[in-house]
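# Summary of structural features
Read off the chains here:
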Amino acid sequence: MSLFDTRVPAVVLRMDRNPFHHGTLGAVRSLGRAGVDVHVVADCADSPVRASRYLSGLHTPPPPGAPPAEIAAVLRRVAARLARPAVLIPMDDACAVAVGRARTELAPWYLLPDQPGELPARVADKAELAGVCASLDVPHPETLVPDGAAEAARAAWRLGLPVVAKWSRPWLVPPGGGLRSTVLVRSAREAGELYLRAEETGSRLLLQAFLPPGADRDWFFHGYADRFGAVRAGGPGRKTRARPRGAGLTAVGRWTPNPQVQALAERVTAELGYRGVFDLDFRRCGTTGRYHLLDFNPRPGAQFRLFTDTAGLDVVRALHLDLTHRPLPQGAPRPGRVFVVENYAPLSALRPAREGHGGRELAWHARDDRAPGRALWALWGRHVSARLRDRVHRGGARPGAPAPSGARVVRQASAPPADHAGRPDEDRARSR
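Every residue gets a number counted from 1 within its own chain, in the order that chain's sequence is written. Per-residue local features are limited, in this predicted model, to residues with pLDDT of at least 70; the limit for side-chain atom pairs, both in listing and counting, is 80 or more; totals at the level of whole chains, interfaces and linings are taken over all residues. Heavy atoms throughout the structure, all of them, feed into the side-chain values; hydrogens and water do not.

### Section: the overall build of the protein
Put simply, DSSP marks the helices as runs of H or I at least four residues long and the strands as runs of E at least two long, and each gets a number from the N terminus on. Across its full length, the protein holds 13 helices and 17 strands. Only protein chains enter the accessibility calculation, which uses a 1.4 Å probe; a residue is then buried when its area is under 20% of its type maximum, exposed when over 50%, and partly exposed in between. Looking at the protein as a whole, 57% of its 432 residues are labelled buried. Any two residues having at least one pair of non-hydrogen atoms within 4.5 Å are treated as being in contact. At a minimum sequence separation of 6, the contacts of the protein that also span at least 24 residues come to 70%. Areas reported as accessible are Shrake-Rupley estimates using a 1.4 Å probe. Residue values count occlusion only from the protein chains shown. Carbon and sulfur atoms make up 51% of the accessible area of the protein, which totals about 18000 Å².

Here it is in structure tokens:
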């Protein structure tokens, strides 16, 4: 008899247009292998995800930037086709925020974690997260929120160049405009110019003290907070290779025990009353050794399958089991387990997996689901070629004019000013 209530399907929701979001395939495979019907509401026209044998159905997603009401309307239409309640799994921040805000409206059709509807928006917003960390006395890089271009330039000098510039709600940054959610700013002038583009993003600009990357400094924690608030499944991991190097998303990750990161993750989620899947990013300060919380993503991280224990439990499976009131199996952690994203770290994927170290999982290639792996390389080649052509033709002036000055300061717990000044140009800002 299956541990899972296979009468309850899962709906994986993603609004961003990244065709190579391997976390979506991970969710499809994880629940599909357990006998659960998995439906995906995402643009998978040019994605290897659509080739998976475990995919039960594809549905047209809301357009990027759709308001919560439109997202809820799309989900109601999907629910009508399924004609039975489903577990809903948002895979990006925009969807997690929208689902949280529409929780009451969606409750008749979807099984959702029981928590305040605005909590996902509060932790996903980078400016709000700074305040959350300050209130909980959790280390976080010192953060300034300027109110004008001149103030942005002064704030950059105050923090010590280079500084990290973030848009507080990165899911609102429009694609194709040359803006990234997180960049490293190397001059006061650059900070002021970036502020002038705030209207394009529908979001506030944050300037943040830069904690340089380095060996053993980039960590993450994936977990599931059950209906009683206990953190189940998941664990702490170390980013051993990133794209781009020294920053960016995890290309190779390793399950690595870390009691400090574990304790921080459990304390933050408990004090917030958070329920559901979460993905936290930390950077260890090279001067103080303290772990600073950089991001709180209220949904599964793309590499969540790294944390698959000896009972086969991961955070997505934990979500389905808990929301259908099924017991979660008691497995043991698998420290040393490795997760590799082949298109971001092809050489790591080609190396033989080491025996006796928790195992290894590839993001796209799987023996029981070969079609997505076969589809990856042709689609990835076309994608890279198109990106290169876009970069050649991209350009244009930065519109806008200076706004009134006056920065609002969000003070953090024990920000270490001595650890971020005067770093070489190859250090890069952390981004997702």
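From this point, the discussion proceeds with the structure in view.
### Description of the side chain of Glu151
If you trace the backbone, Glu151 turns up in helix α7 (residues 149-159). At a separation of 2.9 Å, a polar atom in the side chain of Glu151 contacts the side chain of Arg154. Within 3.5 Å is the distance limit for a polar contact, defined as a pair of N or O atoms, with the added protein rule that one can donate a hydrogen and the other accept it, and that residues adjacent in sequence qualify only through two side-chain atoms.

### Regarding helix α11 (residues 315-323)
Burial of α11 is extensive: 9 of the 9 residues sit out of reach of the surface. Sitting at the amino-terminal end of α11 is Asp314, which places a side-chain oxygen 3.0 Å from the backbone nitrogen of Val316. A positive phi of about 60° marks His325, the residue just after α11.

### Some remarks on the sheet that holds strand β5 (residues 110-111)
The strand order β3-β2-β1-β4-β5 describes an open sheet built from 5 strands, whose pairing is parallel. Looking along the sheet, the strands with just one partner apiece sit at the ends: β3 (55-59) and β5. Two strands qualify as a pair provided that DSSP identifies no fewer than 2 bridges between them. Bridge count between strand β1 (residues 10-13) and strand β2 (residues 38-41): 4 bridges; the pairing is parallel. Paired with Ala10 across the strands is Val38, a residue of β2. Geometry is summarised by axes, namely lines fitted to C-alpha atoms with helices restricted to the contacting stretch, and by angles between N-to-C directions that run from 0 to 180 degrees. This element, helix α1 (residues 22-32), spans β1, β2, β3 and β4 (86-90) of the sheet and lies at about 165° to β2. Taken strand by strand, helix α2 (residues 68-82) contacts β1, β2, β3, β4 and β5, and its axis lies near 150° from that of β1.

### As for the pairing of strand β13 (residues 276-284)
β13 sits mainly inside the fold: 9 of its 9 residues count as buried. Where β13 and strand β14 (residues 291-297) come together, 6 bridges link them in antiparallel fashion. Looking at β14, one finds that Asp279 is bridged to Asn297.

### Section: empty space enclosed by the protein
A cavity here means a set of 1 Å grid points, computed over protein atoms only, where a 1.4 Å probe fits but cannot escape. A pocket is an open set with protein on both sides within 12 Å along at least 5 of 7 lines, and lining residues have an atom within 4 Å of a point. Grid points are joined across faces, edges and corners, and a volume is the space filled by probe spheres set on the points. This model, assessed by the stated rule, comprises 3 cavities of 30 Å³ or more. Each pocket or cavity is described by its volume, and for the largest cavity that value is around 240 Å³. Considering the residues around the largest cavity, the lining is formed by 21 residues, among which Pro90, Val99, Pro113, Gln115 and Pro298 are closest to the centre. Put simply, Ala, Val, Leu, Ile, Met, Phe, Trp, Tyr, Cys and Pro go in the nonpolar bin, Asp, Glu, Lys and Arg in the charged bin, and everything else, Gly too, in the polar bin. Of the residues contributing to the lining of the largest cavity, the split by class is 14 nonpolar, 4 polar and 3 charged.

### Remarks on a positive patch on the surface
There is a patch of like positive charges on the surface, built from Arg180, Arg243, Arg387 and Arg391. Relative to the helices and strands, Arg243 is located in strand β11 (residues 231-243). Each patch is assembled from residues with relative accessible area greater than 30% and no salt bridge, linking like charges that lie within 9 Å and nonpolar side chains (Val, Leu, Ile, Met, Phe, Trp, Tyr) that lie within 5 Å. For this document, the term salt bridge refers to a Lys or Arg side-chain nitrogen within 4 Å of an Asp or Glu carboxyl oxygen. The charge count includes Lys and Arg as positive and Asp and Glu as negative, but it does not include His or the ends of the chains. The atoms used to mark charge sites are NZ of Lys, CZ of Arg, CG of Asp and CD of Glu.

### Structural notes on the layout of surface pockets
Its boundaries defined by the atoms lining it, the second largest pocket holds a volume of some 400 Å³. Residue lining of the second largest pocket: Arg33, Arg360, Glu361, Leu362, His365, Ala366, Arg367, Asp368, Asp369, Arg370, Gly373 and Arg374, and that is the complete set. Among the secondary structure elements, those contributing two or more residues to the lining of the second largest pocket are β16 (360-362) and α13 (370-393). A class-by-class count of the residues in the lining of the second largest pocket yields 2 nonpolar, 2 polar and 8 charged.

### Comments concerning helix α10 (residues 259-272)
For an α-helix the count is 3.6 residues per turn, leaving residues at separations of three or four pointing the same way. With 14 residues, α10 ought to run about 20 Å at 1.5 Å a step, and its terminal C-alpha atoms sit 20 Å apart, in line with that. Contact partners of the buried residues in α10: α5 (119-124), α6 (126-136), β10 (218-225), β11, β13 and β14. Two or three places before Gln260, at the start of α10, stands the capping residue Asn258, its side-chain oxygen 3.1 Å from that residue's backbone nitrogen. Remark: Gly273 follows α10 within two positions and exhibits a positive phi of approximately 70°. What a helix is expected to span follows from its residue count: subtract one and scale by 1.5 Å.

### Let's talk about the pairing of β10
Burial within β10 is extensive, with 8 of its 8 residues counted as buried. Here β10 shows two buried faces, one formed by Asp218, Phe220, His222 and Tyr224 and the other by Trp219, Phe221, Gly223 and Ala225. The pairing of β10 with β13 spans 8 bridges and is classified as antiparallel. Paired with Asp218 across the strands is Arg283, a residue of β13.

### Looking at the packing of α7 against helix α8 (residues 188-195)
Packing of α7 against α8 leaves a shortest axis separation of 7 Å and a crossing angle of 145°. Two packed elements cross with a definite hand, and for α7 against α8 that hand is right-handed. Two secondary-structure elements touch here, α7 through Ala149, Ala152, Ala153, Ala156 and Trp157 and α8 through Ala188, Ala191, Gly192 and Tyr195. In the contact of α7 with α8, the residues fall into 8 nonpolar, 1 polar and no charged. Each helix crossing is assigned a hand: it is left-handed if the near helix lies turned anticlockwise from the far helix by less than a right angle, otherwise right-handed if that turn is clockwise.

### Considering the confidence of the model for the protein
Confidence of the prediction at every residue is given by pLDDT, a number between 0 and 100. Mean pLDDT over the protein: 90, with 90% of residues reaching 70 or higher. Taken together, the stretch residues 396-432 has pLDDT below 50 and engages in 125 contacts with residues farther than four places along the chain or on a different chain.

### Examining the pattern of salt bridges
This model, assessed by the stated rule, comprises 27 salt bridges. Taken together, the shared-partner salt bridges connect Asp125, Glu128, Arg169 and Arg204 into one network.

### Some words on the environment of Glu199
Mapping Glu199 onto the fold places it in helix α9 (residues 198-201). Between the C-alpha atoms of Glu199 and Val173, which are 26 residues apart in sequence, the distance is 10.0 Å.

### Let's talk about the sheet that holds β13
A sheet is described by the order of its strands in space; here 7 strands give the open sequence β14-β13-β10-β11-β12-β15-β16, paired in mixed fashion. Where the open sheet ends on each side, the last strands, each with one partner, are β14 and β16. Strand-to-strand twist in this sheet, taken as the mean axis angle between neighbours without regard to direction, amounts to 30°. Pairing analysis gives 6 bridges linking β10 to β11, with the strands arranged antiparallel. Looking across to β11, one finds that Tyr224 is bridged to Arg232.

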